[in-house]
Amino acid sequence: MSTTVNEAPGGYRGVFRVREFRSVFAAHLLSVLGVVVAEISLTVLVFRTTGSPLMSALTFALGFLPYALGGTLLAGIADRHPARRVLVGCDLVCAACAAAMVWPGTPVAGLLALRCAMAFVAPLFQGTRNASLADVLGPGDAFVLGRSLMRMVAQSAQLIGFGLGGLLLTVLAPRAAVALTAAGFLCSALLLRFGTRSRPARAAATVRTSPLAGLRAVLGDRRLRALTLLFWLPPVFVIAPEALLVPYADGIGAGTAALGVMMCALPVGTIAGELWAGSALGPRARSRLVAPLAAAGLLPLLAYAFRPGVPVVLGALLLAGLAHAYTLGLDQWYVDAVPDALRGRAMTLLSTGLMTLQGVGMALAGLAAEFLPVHVVVAGAGGLGTGVVLLLLAELRSAGPRDGRPKNETGPAAK
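Because the structure is a prediction, the values reported are computed rather than measured.

Novice: Got a minute to help me understand the overall build of the protein chain in this structure?
Specialist: In terms of regular secondary structure, the protein chain is built from 20 helices and zero strands. Burial status across the protein chain gives 50% buried among its 415 residues. For the protein chain, contacts bridging at least 24 residues in sequence account for 86% of all contacts bridging at least 6. Per element, the accessible surface of the protein chain, about 17500 Å² overall, is 70% carbon and sulfur.

Put into structure tokens, the structure is as follows:
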């Protein structure tokens, strides 16, 4: 089936013709919206219970902090067990945690522990799902477009989910809203259980490796390491303007309405860039654009050096988001570089690094802004990040393709 899908024309529409993918996509939508609603509801619930802004902020942060630990310790499970079993198991764990949060007698410490448990299994779920897309759609262009759709759902959920969560809390108590999260995870588990095929594990279940050995297996290959870093490091720098939007808007005298529009600019640009690349370009063109778009993606942030007003900031953020279209070609390079037996582990570690390093980027931007003006920090992130990307592209070119194939970056994506 995967070969047929891989060669079928039709872009995003062709991907949706695959019945299994429709189930995976619907499950992804439910789980992402559930997480967003849970984050808002728990933050409100903890604040109302404790009256502490610190505890409220900690509740939100706990959605990020266990990612690195869970992704590192659990990555091997993604390859040693059948993907459907892992995905359904993770959904059921999250549904049980959300259901326990609804119980009126659950103390604040219990709520925080349950939130940690949900975040702990999240990278395993994401990595296993991303790896299984190559089984459902084939490892070619259909996989790239499927990954793109998943990313766009995640970006859109951040824009829509927070508004939906706020609306729900006007008519429901926080615990009732969390109950909807539990129902969403349960529906996701049912969709994955009955809407996807059972496939064997990619690696033998008897093969046990330590988390450190797993990291070495994924990052030991020079080309795969360069590709992984090309996914991980640009977000460390592009997150700076988002992390510092509130103090920057206050510094230029922008109102709350302008702040809200600026907060949407980067994700809107990202979605638009992915839609354009996935709809208007073929695999070969997307592969050719990886290097120029990645190299230029952070340059719009240099406009912050002149402390611009709202229109220029909007333009800079939109352009930075549009350049994110390079990830479609990078996805193809990555799946071609990863051995099948390591695909689940590699995808889990990829998701873990992305989430963890975005949090690191936020923290570093905030720390730098304690000593430097905000506009200098953002412009510096654009300049420094561009230098890092150029070094990674040079390393990628030196590493060459995997398995001794001819050094031609457009080759894999053109298959």
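Let's pick the thread back up.
Novice: Would you explain the packing of aromatic side chains in this entry?
Specialist: Aromatic rings in a pair are described by how distant their centres are and how their planes are angled relative to each other. Scanning all chains against the criterion turns up five aromatic pairs. Between the aromatic rings of Phe16 and Phe25, the centroid separation amounts to 5.0 Å while the plane-to-plane angle is 85 degrees, which identifies the pairing as edge-to-face. With relative accessibility at 29%, the residue Phe16 sits in the partly exposed group.

Novice: Explanation requested: the packing of helix H14 (residues 256-280) against helix H16 (residues 310-322) in the structure shown.
Specialist: Between two packed helices, the angle of one axis relative to the other and the distance separating the axes together describe the packing. Interaxial distance between H14 and H16 falls to 6 Å at its minimum, and their mutual angle equals 25 degrees. When the interaxial angle is binned, H14 and H16 end up roughly parallel. Remark: the crossing between H14 and H16 carries right-handed chirality. Along the contact surface, H14 presents Ala258, Val261, Met262, Ala265, Leu266, Val268, Gly269, Thr270, Ala272 and Gly273, while H16 presents Val310, Val313, Leu314, Leu317, Leu318, Ala320, Gly321 and Leu322.

Novice: I tried to follow empty space enclosed by the protein on my own but got confused; where do I start?
Specialist: The probe, sized like a water molecule, is rolled over the atoms to show the empty space still left. Inspection of every chain in the model, using the stated rule, returns one cavity of 30 Å³ or more. Here the largest cavity is characterised by a volume of approximately 30 Å³. What lines the largest cavity is simply Ala277, Leu281, Arg286, Leu289, Leu293, Ala325, Tyr326 and Gly329. The dominant element in the lining of the largest cavity, judged by the number of residues it contributes, is helix H15 (residues 283-296), at three residues. Residue classes in the lining of the largest cavity are distributed as six nonpolar, one polar and one charged.

Novice: Hey, could you run me through a nonpolar patch on the surface in this one?
Specialist: Together, Val360, Leu364, Leu367, Phe371, Leu372 and Val376 give the surface a local cluster of nonpolar side chains, amounting to about 570 Å² of exposed area. With three residues, helix H18 (residues 343-369) is the single largest residue contributor to the nonpolar patch. Looking at the element boundaries, Val376 is found in helix H19 (residues 374-399). On the basis of relative accessibility, which here comes to 37%, the residue Val376 falls in the partly exposed class.

Novice: Help me understand the confidence of the model for the protein chain in this model?
Specialist: For any part of a model where pLDDT is low, the fine detail of the predicted coordinates should not be relied upon. With 87% of its residues at a pLDDT of 70 or more, the protein chain shows a mean pLDDT of 84. Taken together, the stretch residues 1-9 has pLDDT below 50 and engages in 16 contacts with residues farther than four places along the chain or on a different chain. Below pLDDT 50 for its whole length, residues 403-415 participates in 25 contacts with residues either more than four positions away or in separate chains.

Novice: Any chance you could explain helix H17 (residues 326-337) here in plain terms?
Specialist: Because an α-helix completes one turn every 3.6 residues, residues spaced three or four positions apart along the sequence face the same direction. Helix length check: H17 (12 residues) gives 17 Å between terminal C-alpha atoms against 16 Å at 1.5 Å per residue, within 8%. The element H17 is largely enclosed, with a buried count of 12 among its 12 residues. Inspection of H17 places Tyr326, Thr327, Leu328, Gly329, Leu330, Asp331, Gln332, Trp333, Tyr334, Val335, Asp336 and Ala337 among the buried residues, and these make up the whole buried set.

Novice: Is there a simple way to think about the nonpolar core in this case?
Specialist: Buried together is how nonpolar side chains tend to be arranged in soluble globular proteins. Among the nonpolar cores identified, the biggest contains 100 residues, and Phe21, Leu137, Tyr304, Leu330 and Tyr334 are the most heavily contacted of them. It is helix H8 (residues 108-137) that contributes the most residues to this core, 13 residues altogether. Excluding residues within four positions of it along the chain, Tyr334 makes contact with Val218, Leu224, Leu227, Thr228, Phe231, Ala346, Met347 and Leu350. Of all hydrophobic cores here, the second largest spans six residues; its members include Val36, Val37, Ile40 and Leu169.

Novice: Quick question: what am I supposed to make of the pattern of salt bridges here?
Specialist: Side chains that differ in sign of charge can pair as their charged atoms come close. One pass over the structure, following the stated rule, counts eight salt bridges. Here Arg343 and Asp135 are joined by a salt bridge, their closest N and O atoms 3.1 Å apart. Here Asp135 lies in helix H8 and Arg343 lies in helix H18, a separation of 208 residues in the sequence. According to the relative accessible area criterion, Asp135 is partly exposed, its value standing at 25%. One salt bridge in this structure joins Glu395 and Arg222, with 2.6 Å as the shortest N-O distance. With Glu395 in helix H19 and Arg222 in helix H12 (residues 222-243), this pair connects stretches of sequence that are 173 residues apart. A relative accessible area of 38% places Arg222 in the partly exposed class.

Novice: Any chance you could explain the side chain of Thr386 here in plain terms?
Specialist: With respect to the helices and strands, the residue Thr386 is situated in helix H19. The class of Thr386 is buried, set by a relative accessible area of 10%. A polar contact is formed between the side chain of Thr386 and the backbone oxygen of Gly382, at a distance of 2.7 Å. Residues within four places of Thr386 in sequence aside, it is in contact with Ala295, Leu298 and Leu299.

Rules used throughout
- Residues numbered from 1 in each chain as written.
- Predicted model: local features only at pLDDT ≥ 70, side-chain atom pairs only at ≥ 80, totals over all residues.
- Heavy atoms only, no water.
- Helix = DSSP H or I, 4+ residues; strand = E, 2+ residues; numbered from the N terminus.
- Buried < 20%, exposed > 50% of the residue type's maximum accessible area, 1.4 Å probe, protein only.
- Contact = heavy atoms within 4.5 Å.
- Areas by Shrake-Rupley, 256 points an atom, 1.4 Å probe, with all protein chains shown as cover.
- Phe/Tyr/Trp six-rings, centres within 6.5 Å; stacked < 30°, edge-to-face > 60°.
- Axes fitted to C-alpha atoms, helices over the stretch in contact; angles between N-to-C directions.
- Parallel < 35°, antiparallel > 145°, perpendicular 65-115°, else oblique.
- Left-handed = near helix turned anticlockwise from the far one by under 90°.
- 1 Å grid on protein atoms, 1.4 Å probe; cavity = no way out; pocket = protein on both sides within 12 Å on 5 of 7 lines; lining within 4 Å.
- Points joined across faces, edges and corners; volume = space filled by probe spheres on them.
- Nonpolar A, V, L, I, M, F, W, Y, C, P; charged D, E, K, R; others polar.
- Patch = residues over 30% accessible without salt bridge, like charges linked within 9 Å, V, L, I, M, F, W, Y side chains within 5 Å.
- Salt bridge = Lys/Arg side-chain N within 4 Å of Asp/Glu carboxyl O.
- pLDDT = per-residue confidence, 0-100.
- Expected span 1.5 Å × (residues − 1).
- Core = buried A, V, L, I, M, F, W, Y, C linked by side-chain atoms within 4.5 Å.
- Polar contact = N/O pair within 3.5 Å; in protein donor to acceptor, adjacent residues only side chain to side chain.

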